[in-house]
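# Descriptive analysis of the structure
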Protein chains: 2
Amino acid sequence: MLEKKSTNIRKEEIVQAALEVVGRKGVRALTISAIAASAGMSEANIYRHFNGKDEIYSALADFIGSSVMGKAATIAGGSRRPLEKLETIFFSHIALITEHPGIPRFVFSDDIHLGHRILAETLALRIGNYIETITGVIAAGVSEGELKPGISPRETALTLLGMIQFTALRWTMSNASFDIRHEAEKLWANFLVLVR
Amino acid sequence: MLEKKSTNIRKEEIVQAALEVVGRKGVRALTISAIAASAGMSEANIYRHFNGKDEIYSALADFIGSSVMGKAATIAGGSRRPLEKLETIFFSHIALITEHPGIPRFVFSDDIHLGHRILAETLALRIGNYIETITGVIAAGVSEGELKPGISPRETALTLLGMIQFTALRWTMSNASFDIRHEAEKLWANFLVLVR
DNA sequence: ATATTATGTGAATGAATAATCACAAGAGGT
DNA sequence: ACCTCTTGTGATTATTCATTCACATAATAT
């Protein structure tokens, strides 16, 4: 028998196990059985700490939202120059995806969008905030003369995020067959040519 | 009893029904039962024309690949100016997604990437060709002076595709709650500022 | 020490799903 | 008209999955 721990600790373990499963096998394979195996506990014990799968989904979304997307806001609130901030956000995001492939898989899973509308709305809201954060940094870059005038901050932010998202997609799709860091560096270099 | 038709016709009907199901309910809901209901035939009849679900997936991928991604190649091979070609490809792609939301859902589904490796490789190959096609057009645009020198054709192509992909994602995720065409026009206008 | 509560688990249940099968019935050739 | 091949279907099977339950055991309060 597994040693006993408080339900708070077990909840965290279960959420981490779920994230690991999504990263390795995708949202489709995020079954109670798989989570239990990854967390090293029985299936029934999962239900001791969560009322059901939906509650695990919510907890996972909360974890991703608070621990991850808050990072960009912190960087954006710092005192560096706008372009430096953008660069840091960009490479942090890429590094994060590399480390936790489950994050983009979960956030952009059509199963979540279509099967858990309330959760999808929460996630859409967080993404909206993320877009606004980056938009603000780009707008500052334009005012300060680091970025060329005439560009639209919001559309440029969407372009940057699309770049990240598409790279992550190609990477997971190709079974991590290329060096995502190297690819990201080339994309960033070109982005600089485009926006300056 | 349903009227009898040749297996070729039924295959097309089944593939279209499958695409419709993916567009409406996502890859997770792409069950034999759902396909049969959408195609208006019995579940057993699906197996009369396909050996199994995997074969339906392959046929769907073939349909998407040949009928859709071939379009960009046709446009790219035309005699217009590079920037005009890019614009046409961009808006064709957006229009296509609007009409068949199942296409991006299927192509970018983690269920396909992780659960059907061979299919994922085929799709990755097609996407690679698509990227190369757009890269070629951008390179021509640079040579002809329509696009500013110094930009990297491949990375700029990836940026453009990421823009499309991210827009499609936000659109399906938000339950089609904004005017994608309008959004696409703003993105294109900004893209022009970036590349010229 | 004992009672109570929290945590852990194997077994069972019911629903969904992919696939198969025996049989029905139309289409086309002879 | 008869035969054969193709197409269509309801019923069935085996599997997977989410969830529940009775029972075991450790921690904590009294």
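Relevant structure appears above.
A few points on the structure. (Residues numbered from 1 in each chain as written. Chains lettered and ligands numbered in written order. Predicted model: local features only at pLDDT ≥ 70, side-chain atom pairs only at ≥ 80, totals over all residues.)

### Let's talk about the overall build of chain A
In terms of helices and strands, chain A carries 10 helices and zero strands. The principal-axis extents of the C-alpha atoms in chain A amount to approximately 65 × 35 × 30 Å. Burial status across chain A gives 41% buried among its 196 residues. Within chain A, counting contacts between residues at least 6 apart in sequence, those at least 24 apart form 62% of the total. (Helix = DSSP H or I, 4+ residues; strand = E, 2+ residues; numbered from the N terminus. Buried ≥ 20, exposed ≤ 12 C-beta atoms within 10 Å, placed from the backbone. Contact = placed C-beta atoms within 7 Å.)

### Focus on the relation of the copies chain B and chain A
For these two chain copies, the linking operation is a rotation about an axis paired with a shift along it. Mapping chain B onto chain A calls for a screw motion: a turn of 180° about the axis and a shift of 0.1 Å along it, with 0.1 Å RMSD after fitting. Given the turn and translation reported, the copies of this chain are related as if by a two-fold rotation axis. Considering only C-alpha atoms, the part of chain B nearest the rotation axis is Gly162(B), at 2.2 Å. In this assembly the copies share their binding face: 100% of the residues contributing to the interface of chain B also contribute to that of chain A. (Least-squares fit on C-alpha atoms with pLDDT ≥ 70 in both.)

### Brief notes about the environment of Leu161(B)
Structurally, the position occupied by Leu161(B) is in helix α9 (residues 153–173). Residue class for Leu161(B) comes out buried when judged on the 22 C-beta atoms lying within 10 Å of it. Every residue in contact with Leu161(B), bar those within four places of it in the chain, is listed here: Phe166(A), Ile131(B) and Ile134(B).

### As for the interface of chain B and chain A
Each side of the interface is counted separately: chain B has 36 residues, and chain A has 36 residues. No other element matches the 12 residues that α9(B) contributes to the side of chain B that touches chain A. Taken together, the residues of the side of chain B that touches chain A break down into 16 nonpolar, 13 polar and seven charged. (Nonpolar A, V, L, I, M, F, W, Y, C, P; charged D, E, K, R; others polar.)

### A word on helix α4 (residues 53–76) of chain A
Residue and element names in this part refer to chain A. A rise of 1.5 Å per residue sets the reference length of α4, with its 24 residues, at 34 Å; its end C-alpha atoms lie 35 Å apart and thus fit the reference within 8%. At Gly70, α4 shows its largest bend, some 30°. Inspection of α4 places Ile56, Tyr57, Leu60, Ala61, Ile64, Ala72 and Ala76 among the buried residues, and these make up the whole buried set. Residues of α4 that are buried in the fold lie against α1 (7–25), α5 (82–99), α6 (102–107) and α8 (117–143). (Expected span 1.5 Å × (residues − 1). Bend = angle between axes of the 7 residues up to and from the residue.)

### Some words on the protein's contact with DNA strand D
Neighbouring DNA strand D are 22 residues; Thr31(A), Gly52(A), Leu2(B), Thr7(B) and Ala44(B) lie closest to it. Listed by contribution, the elements that provide at least two residues to the surface near DNA strand D are α2 (32–39) and α3 (43–49) of chain A together with α1 (7–25) and α3 (43–49) of chain B. (Near = placed C-beta within 6 Å.)

### As for helix α10 (residues 180–195) of chain B
Across its 16 residues, α10(B) extends 22 Å between first and last C-alpha, which sits within 8% of the 22 Å expected from 1.5 Å per residue. Here the buried face of α10(B) lies against α9 (153–173) and α10 (180–195) of chain A together with α5 (82–99) and α9 of chain B.

### Concerning the protein's contact with DNA strand C
Around DNA strand C, the surrounding shell holds 22 residues, and the nearest of these are Leu2(A), Lys4(A), Ala44(A), Thr31(B) and Gly52(B). Residue assignment for the surface near DNA strand C shows that the elements contributing at least two residues are α1 and α3 of chain A together with α2 (32–39) and α3 of chain B. In the surface near DNA strand C, the residues fall into eight nonpolar, seven polar and seven charged.

### Looking at the nonpolar core
Core analysis: the largest hydrophobic core is formed by 110 residues, its most contacted members being Ile14(A), Ala18(A), Leu60(A), Ile14(B), Ala18(B) and Leu60(B). Contact partners of Leu60(B), with chain neighbours within four places excluded, come to Val15(B), Ala18(B), Leu19(B) and Phe106(B). (Core = buried A, V, L, I, M, F, W, Y, C linked by C-beta atoms within 7 Å.)

### Quick notes on the packing of α5(B) against helix α8 (residues 117–143) of chain B
Any two packed helices are characterised by the angle at which their axes cross and by the distance between the axes. All names here are of chain B. With their axes 8 Å apart at the nearest point, α5 and α8 run at an angle of 150° to one another. Comparing the axis directions of α5 and α8 gives the class roughly antiparallel. Taken as a pair, α5 and α8 cross one another with a handedness that is left-handed. Contacts between α5 and α8 involve Pro82, Leu83, Lys85, Leu86 and Ile89 from the first element and Ile134, Val137, Ala140 and Gly141 from the second. Looking at side-chain class alone, the contact of α5 with α8 contains seven nonpolar, one polar and one charged residues. (Axes fitted to C-alpha atoms, helices over the stretch in contact; angles between N-to-C directions. Parallel < 35°, antiparallel > 145°, perpendicular 65-115°, else oblique. Left-handed = near helix turned anticlockwise from the far one by under 90°.)

### What about the packing of α4(A) against α8(A)?
Residues and elements named next belong to chain A. Closest axis-to-axis distance for the α4/α8 pair is 10 Å, and the angle between their directions is 5°. As the angle between them shows, α4 and α8 are arranged roughly parallel. Contacts between α4 and α8 involve Tyr57, Ser58, Ala61, Gly65, Met69, Ala72, Ala73 and Ala76 from the first element and Leu119, Thr122, Leu123, Arg126, Tyr130, Thr133, Gly136 and Val137 from the second. Here the residues of the contact of α4 with α8 are counted per class, giving 10 nonpolar, five polar and one charged.

Everything listed here is a matter of geometry and, on its own, says nothing about what the molecule does.
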